[in-house]
Amino acid sequence: ETGEIKYTLPEDALVRIRIGIKKGGALLRTLVDWESRDAGPQKEIWNKKDASGKIDYSQRKDILVVLSARKRQEKSIQRKSPNFTITFPSSKKNTDQGVAIVSGVVPVRITLDDQDKKWLIETKYEVAFYIDNVFLFEDEEGISPYTYLLNTKGINEGLHTITINVISYNGEVGAKSVKIFAEV
């Protein structure tokens, strides 16, 4: 409730903390991404927002926190969560707050950052879409750029949150959320 995540490490470790929605919901963000922590009690602070700081999840009661730790000296490759951008190429208007105004069938484009594109394509990945934290669609064969056609006629007019998870077949997950304003 306070945003404090407390844990104790028995030894020095690399730590990852992911925050998502319980029961098959979207990953919302990676708070700590294989960062070094010393043995003993630890405290991380989550401001209850997505990584951009624009989307507030403080009213949600179904938040799940997953902590993973590995010995600091392990030789395996620790990949960071992949980065990507979400754009709406056909959106010609924004709200005063910079939120894309969309209507009808709208392309949602996901483009991997150059530093992550090669390894994601080699290991293969999938793309999962959520709207207002409800699962919408998943494609198990990710490409970059990837375009999903969102039909806004299936949602109510107004402000909505789209969350995208890029999930590599070896378990790395990138998460990003953006607001849209649907005109019906």
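Above this text sits the structure in question.
What you are looking at is a predicted structure, and each value in this text was computed from that prediction instead of being measured.

S.K.: How do you make sense of the overall build of the protein chain when you look at a structure like this?
M.R.: Counting its regular elements, the protein chain contains one helix and 14 strands. For 184 residues, the compact-globule estimate of 2.2 N^0.38 gives 16 Å, and the C-alpha radius of gyration of the protein chain, at 18 Å, lies within 12% of that figure. The principal-axis extent of the C-alpha atoms belonging to the protein chain is close to 55 × 40 × 30 Å. For the protein chain, the residues scored as buried account for 46% of the 184 residues in total. Accessible surface, the protein chain as shown: approximately 10,400 Å² in total, 48% of it carbon and sulfur. A gap of 2 Å separates the mean positions of the 28 positive and 26 negative side-chain charges of the protein chain.

S.K.: Mind showing me how you'd approach unusual backbone geometry here?
M.R.: Most of the time, phi is negative for any residue but glycine, and the peptide bond is trans. Between S144 and P145 the backbone carries a cis peptide bond, its omega angle lying at 0 degrees. Turning to its location among the elements, P145 is positioned in the loop between β11 (134–139) and β12 (146–151). Of note in this structure, W34 is not a glycine but carries a positive phi near 55 degrees. You can see W34 is positioned in strand β3 (residues 27–37).

S.K.: It is not clear to me how the packing of aromatic side chains should be interpreted in this structure. Could you clarify?
M.R.: What characterises a pair of aromatic rings is the spacing of the ring centres plus the angle enclosed by the ring planes. Within this structure, the stated rule accounts for five aromatic pairs. A ring pair is formed by F129 and Y146, whose centres lie 6.1 Å apart and whose planes are at 40 degrees; its orientation type is tilted. Of this pair, F129 sits in strand β10 (residues 125–131) while Y146 sits in strand β12, and the two are 17 residues apart along the sequence. Of the two residues, F129 and Y146, neither departs from the other in class, the shared state being buried. When its relative accessible area of 2% is taken as the criterion, F129 is described as buried. One aromatic cluster is present, formed by F129, F137, Y146 and Y148 through successive ring pairs. Taking NZ or CZ as reference, K176 lies 5.6 Å from the ring centre of F84, over its face.

S.K.: Just checking my understanding: could you explain empty space enclosed by the protein for this structure?
M.R.: Think of a ball as big as a water molecule: rolled over the atoms, this probe shows where empty space is left. In this structure the tally under the stated criterion is one cavity of 30 Å³ or more. As a volume, the largest cavity reaches approximately 40 Å³. If you go around the largest cavity, the residues you meet are V108, F129, Y130, I131, L136, Y148, L150 and I162. Residue assignment for the lining of the largest cavity shows that the elements contributing at least two residues are β10 and β12. For the lining of the largest cavity, the element with the most residues is β10, which contributes three residues. Grouping the amino acids of the lining of the largest cavity by side-chain chemistry returns eight nonpolar, no polar and no charged.

S.K.: Sorry if this is basic, but what is going on with helix α1 (residues 114–123) here?
M.R.: Residues separated by three or four positions in an α-helix point in the same direction, a consequence of the helix having 3.6 residues per turn. Those residues of α1 not exposed but buried are D116, W119 and L120. In a view along the axis of α1, the buried residues occupy a sector of 105 degrees, so they form one face of it. Residues of α1 that are exposed and point more than 90 degrees away from the buried face comprise D114, K118 and E122. Next to the buried residues of α1 lie β9 (105–112), β10 and β13 (158–168). Phi turns positive one or two residues past the end of α1, at K124, with a value near 75 degrees.

About the cut-offs
Residues take numbers from 1 onward in each chain, read along the sequence in its written order. Local features in a predicted model are, by the rule used here, given only for residues with pLDDT of at least 70; side-chain atom pairs are given and counted only at 80 or more, and totals for whole chains, interfaces and linings are based on all residues. Water and hydrogen atoms were dropped before computing side-chain values, which therefore reflect all heavy atoms in the structure. In this text, helices come from DSSP runs of H or I with a minimum length of four residues, and strands from runs of E with a minimum of two, each type numbered from the N-terminal end. C-alpha atoms define the radius of gyration in this analysis, and the globule rule sets the expected value at 2.2 Å times the number of residues to the power 0.38. Each residue is assigned to one of three classes by its accessible area relative to the maximum for its type, calculated with a 1.4 Å probe on protein chains only: buried under 20%, partly exposed between the two thresholds, exposed over 50%. Method for areas: the Shrake-Rupley scheme with a 1.4 Å probe, in which residue coverage is limited to the protein chains shown. Only four residue types enter the charge count, namely Lys and Arg as positive and Asp and Glu as negative; His and the chain termini do not. Charge coordinates come from a single atom per side chain, which is NZ of Lys, CZ of Arg, CG of Asp or CD of Glu. Aromatic rings from Phe, Tyr and Trp, taking only the six-membered ring of Trp, are treated as a pair when their centres fall within 6.5 Å; an angle between ring planes under 30 degrees marks them as stacked, one over 60 as edge-to-face, and anything in between as tilted. Charge-over-ring contacts are defined here by two conditions on Lys NZ or Arg CZ: a distance within 6 Å of the ring centre and an angle within 35 degrees of the ring normal. A 1.4 Å probe that fits but cannot get out identifies a cavity on a 1 Å grid over protein atoms alone, an open set with protein on both sides within 12 Å along at least five of seven lines counts as a pocket, and a residue lines either if it has an atom within 4 Å of a point. Grid points are joined across faces, edges and corners, and a volume is the space filled by probe spheres set on the points. All residues other than Ala, Val, Leu, Ile, Met, Phe, Trp, Tyr, Cys, Pro, Asp, Glu, Lys and Arg, Gly among them, are scored as polar; the first ten of these are nonpolar and the last four charged. Arc definition: directions from the helix axis to the C-beta atoms. We call two residues contacting when some pair of their heavy atoms lies within 4.5 Å.

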